[in-house]
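Read off the chains here:
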Amino acid sequence: MDLKTPLYQSHKDAGAKLVDFYGWQLPIHYGSQIDEHNSVRQSAGVFDVSHMTIIDVSGQDAQAWLRGMLTNDVAKLAPMQALYSCLCNEEGGVIDDLIAYKINDTQYRLVVNAGTREKDIAWLKQHVSGDVKLAVPSNSAMLAVQGPDAVTKTAIALDSMGAGADIQNLKRFFALEQGDWFIARTGYTGEDGVEIVVPGELAPLLFKALLEQGVAPCGLGARDTLRLEAGMCLYGQDLDESHSPVQSGIGWAVDVRDPERQFIGRDVLYEQKSTGTDVHQVALVLSQKGIMRAGQVVQRSGQAIGTVTSGTFSPTLQKSIALARVNKPVVGGCDVIIRDKPFAAEPVELPFTKLA
Amino acid sequence: MDIPGDLRLTATHEWARINDDGTVTIGITEHAQEQLGDLVFVETPELDTKCEPEQAVAVVESVKAASDLYAPIAGTIIDANADLADSPELINDSPYENGWIFKIQPDDVSDVENLMDPDDYTNMVSADE
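Residues numbered from 1 in each chain as written. Chains lettered and ligands numbered in written order. Predicted model: local features only at pLDDT ≥ 70, side-chain atom pairs only at ≥ 80, totals over all residues. Heavy atoms only, no water.

1. A few points about the overall build of chain B
And step 1. Within chain B, the regular secondary structure consists of three helices and nine strands.
And step 2. Starting at the N terminus, the α and β elements of chain B follow one another as β-β-β-α-β-β-β-β-β-α-β-α.
And step 3. In terms of C-alpha radius of gyration, chain B reaches 13 Å, essentially the compact-globule figure of 14 Å for 129 residues.
And step 4. The dimensions of chain B, computed from C-alpha atoms along their principal axes, are 35 × 35 × 25 Å.
And step 5. Expressed as a percentage of its 129 residues, the buried residues of chain B come to 50%.
And step 6. Summarising the internal contacts of chain B: among those between residues at least 6 apart in sequence, 61% fall at separations of at least 24.
And step 7. Taken as a whole, chain B presents about 6,000 Å² of accessible surface, with 42% of it coming from carbon and sulfur. (Helix = DSSP H or I, 4+ residues; strand = E, 2+ residues; numbered from the N terminus. Rg over C-alpha atoms; globule rule 2.2 N^0.38 Å. Buried < 20%, exposed > 50% of the residue type's maximum accessible area, 1.4 Å probe, protein only. Contact = heavy atoms within 4.5 Å. Areas by Shrake-Rupley, 256 points an atom, 1.4 Å probe, with all protein chains shown as cover.)

So, in structure tokens, the structure goes:
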């Protein structure tokens, strides 16, 4: 596979180093991953997230159907409001994590991961019932502009394109539609910002207009360190079909308040939320120099109690940070085994950026 | 690619330089640091240990991954760059000078001459791309 987003040439022109990401040619960085990370924490950066899959759900039964498919409850959404949810199997294992936007009672938009596209669509199609239609728009691009200055700079960039939109007054986790454009105040970095769905042919113009406002082009490398510092899960690492959202630190995305709502995985998840689980997620900061990586063993008193699911170097803290899945409490500290040697690590509360 | 003429290089992207006192300094190439990206941690070798060619003796870690560093020749490790503990980015900024990684007292200094010269290395790298 060699899929190119509408920004492929823009990335090359901006000096990107491109890598294969689930078949897509995407920038890993444009020179320095750490500089890009810092741009987003201090000002603003733009990411090409066109590889992510949009699934539009429509029909009279759209809301009732999604209430049965997703762990979070779309009934609590106002029009143009979004929420984070999981799509689970009958055992409560996570098929994917996603953002669901309510357009109105009969129209919803899901944004799911690139690597899970085929299985998500297959799963959804397999469960379609009543008046529910699924559509996957193919000619759009998606840009995420993130950072404390992201909204201001994006507003100026949009004006310069004659596509002015009132994004300054857009509340967090709300979206607006303007012609073919869809703009949401959401993101994956822990910073303020917007995610913009735009017709593919306009994407290079928007990208250029953002760069002209001093927004830094950012690659997948910075996207990963930013989301991990923010304590956000990555599907395929921190989330998988063998573990539930409750076991993966995102039990808050499972809404069991409505006893009448039967959604896939409900019984297992309800039980886990009520009684708790031994397997759980813990956030770790390494107390010494070194870098924690996915797959490394977590030990306590010489006994293996779990595995690192995501680990990296935090540019903000200048230390290694990780998410790990463990089956025993990590009160007071643990060791992470790096190249056969134990390195001391401390459990902390998320997000990691709070420690800065 | 501009590689100083006095360096000899390996297929695994280390460079070696013979110093005036007969010791050999080791680092990684400009090409290697560029491929790795921003370096954030270096585990330098233990001093006074013996090393053999192609033996993994050190680790350089970028934000995204850890990579082994191999000894290009046989000898004893006699020194390591202490500045890398706090400033691993020296390897990105100055791979052939301030970003050196360790020094070997070689068993046979002529082993260095069996490594690639800058032209051979440059050809190997361009053939890979």
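On we go.
2. Here we look at the overall build of chain A
And step 1. Helix and strand content of chain A: eight helices and 20 strands.
And step 2. Taken along the three principal axes of its C-alpha coordinates, chain A extends 60 × 50 × 40 Å.
And step 3. For chain A, with 356 residues in total, the buried portion stands at 56%.
And step 4. In chain A, the proportion of contacts linking residues at least 24 apart, taken out of those at least 6 apart, comes to 65%.
And step 5. If you sum the accessible surface of chain A, you get close to 14,500 Å²; carbon and sulfur atoms cover 49% of it.
And step 6. Taken as two groups, the 32 positive and 42 negative side-chain charges of chain A have centres that lie 5 Å from each other. (Lys, Arg positive; Asp, Glu negative; His and termini not counted. Charge placed at Lys NZ, Arg CZ, Asp CG, Glu CD.)

3. Description of the packing of helix α2 (residues 33-42) of chain A against helix α7 (residues 220-229) of chain A
The relative placement of two packed helices comes down to the angle between their axes together with the axis-to-axis distance.
All names here are of chain A.
And step 1. Between α2 and α7, the least distance of the axes is 8 Å, while the angle of their chain directions is 50 degrees. When the axes of α2 and α7 are compared, the pair comes out oblique. The handedness of the crossing between α2 and α7 comes out as right-handed. Here α2 contributes Q33, E36, H37, V40 and R41 to the contact with α7, which in turn contributes G221, A222, T225, L226 and E229. (Axes fitted to C-alpha atoms, helices over the stretch in contact; angles between N-to-C directions. Parallel < 35°, antiparallel > 145°, perpendicular 65-115°, else oblique. Left-handed = near helix turned anticlockwise from the far one by under 90°.)

4. Looking at the pattern of salt bridges
And step 1. Evaluated as defined, the whole model comprises 30 salt bridges over all chains.
And step 2. Ionic pairing is found between B:E43 and A:R339, a salt bridge with its closest N-O pair at 3.2 Å. Here B:E43 is found in strand β4 (residues 39-43), whereas its partner A:R339 is found in the loop between β19 (334-338) and β20 (341-348) on a different chain.
And step 3. Three or more residues are tied together by salt bridges with common partners; here these are A:R293, A:R339, A:K341, B:E43 and B:E61. (Salt bridge = Lys/Arg side-chain N within 4 Å of Asp/Glu carboxyl O.)

5. Overview of the side chain of A:D73
Residue and element names in this part refer to chain A.
And step 1. Structurally, D73 can be placed in the loop between α3 (62-69) and β6 (82-88).
And step 2. With a relative accessible area of 7%, D73 lands in the buried category.
And step 3. A polar contact of 3.0 Å, which involves the side chain of D73, links it to the backbone nitrogen of A75.
And step 4. Apart from residues lying up to four places away in sequence, D73 is in contact with R67, L83, D255, D258 and R261. (Polar contact = N/O pair within 3.5 Å; in protein donor to acceptor, adjacent residues only side chain to side chain.)

6. With respect to the interface of chain B and chain A
And step 1. Contact with chain B, which involves 14 residues of that partner, is made by 16 residues of chain A.
And step 2. Between chain B and chain A, the buried area comes to about 1,400 Å², and carbon and sulfur atoms account for 49% of it.
And step 3. Taken together, the links from chain B to chain A amount to five salt bridges.
And step 4. Joining chain B to chain A, the criterion identifies 14 residue pairs in polar contact (both at pLDDT 80 or more).
And step 5. Going through the elements one at a time, β4 and β6 (56-62) of chain B are the ones with two or more residues in the side of chain B that touches chain A.
And step 6. Grouping the constituent residues of the side of chain B that touches chain A by class yields seven nonpolar, two polar and five charged. (Buried area = accessible area lost by both parts, 1.4 Å probe. Nonpolar A, V, L, I, M, F, W, Y, C, P; charged D, E, K, R; others polar.)

7. Notes on the sheet that holds strand β1 (residues 3-4) of chain A
Remark on secondary structure: sheet strands pair via backbone hydrogen bonds, oriented parallel or antiparallel.
All names here are of chain A.
And step 1. Read across the sheet, three strands follow the order β1-β3-β2 without closing on themselves; strand pairing throughout is mixed. Taken across any chain shown, the strands that pair with only one partner, and hence form the sheet edges, are β1 and β2 (17-21).
And step 2. As paired elements, β1 and strand β3 (residues 24-29) share two bridges and run parallel to each other. Looking across to β3, one finds that L3 is bridged to W24.
And step 3. Across the sheet, α7 touches β2 and β3, and the angle it forms with β3 is around 70 degrees. (Pairing = 2+ DSSP bridges.)

8. What about the packing of aromatic side chains?
Residues and elements named next belong to chain A.
And step 1. Counted by the stated rule, this structure contains four aromatic pairs over all chains.
And step 2. For the ring pair Y101 and F182, a centre distance of 5.1 Å and an interplane angle of 90 degrees mean the geometry is edge-to-face. Of the two residues, Y101 sits in strand β7 (residues 94-104) while F182 sits in strand β12 (residues 181-184), which places them 81 residues apart along the sequence.
And step 3. With a relative accessible area of 4%, Y101 lands in the buried category.
And step 4. Among the residues examined, F182 registers a relative accessible area of 3% and is labelled buried.
And step 5. Taking the ring centre of F182 as reference, the NZ or CZ of R109 above it sits at 4.7 Å.
And step 6. Here R266 stacks its cationic end above the ring of Y270, 4.8 Å away from the centre of that ring. (Phe/Tyr/Trp six-rings, centres within 6.5 Å; stacked < 30°, edge-to-face > 60°. Lys NZ or Arg CZ within 6 Å of the ring centre and 35° of its normal.)

9. A few points about the domain arrangement of chain A
Residues and elements named next belong to chain A.
And step 1. You can read the domains of chain A as domain 1 (3-50 + 138-229) and domain 2 (278-355).
And step 2. Its C-alpha centre places domain 1 at a distance of 31 Å from the equivalent point of domain 2.
And step 3. On the domain 2 side, the residues contacting the eight residues of domain 1 number 13 residues.
And step 4. For the pairing of domain 1 and domain 2, the buried interface totals around 820 Å² over both sides, and the portion due to carbon and sulfur atoms is 65%.
And step 5. Three residues, T225, L228 and E229, lead the burial of domain 1 against domain 2; their summed loss comes to 68% of the area buried on that side.
And step 6. The interface formed by domain 1 and domain 2 includes zero salt bridges. (Domains from an automatic or database assignment.)

10. Some details on the layout of surface pockets
And step 1. Quantified by volume, the second largest pocket comes out at close to 370 Å³.
And step 2. Lining the second largest pocket are 22 residues, and of these A:F313, A:Q318, B:V40, B:D86 and B:P88 lie nearest its centre.
And step 3. Counting only elements with at least two residues in the lining of the second largest pocket, the list comes to α2 and β18 (319-326) of chain A together with β4 of chain B.
And step 4. Tallying contributions element by element places β4(B) first for the lining of the second largest pocket, with three residues.
And step 5. Of the residues that make up the lining of the second largest pocket, three or more belong to each of domain 1 (3-50 + 138-229) and domain 2 (278-355) of chain A. (1 Å grid on protein atoms, 1.4 Å probe; cavity = no way out; pocket = protein on both sides within 12 Å on 5 of 7 lines; lining within 4 Å. Points joined across faces, edges and corners; volume = space filled by probe spheres on them.)

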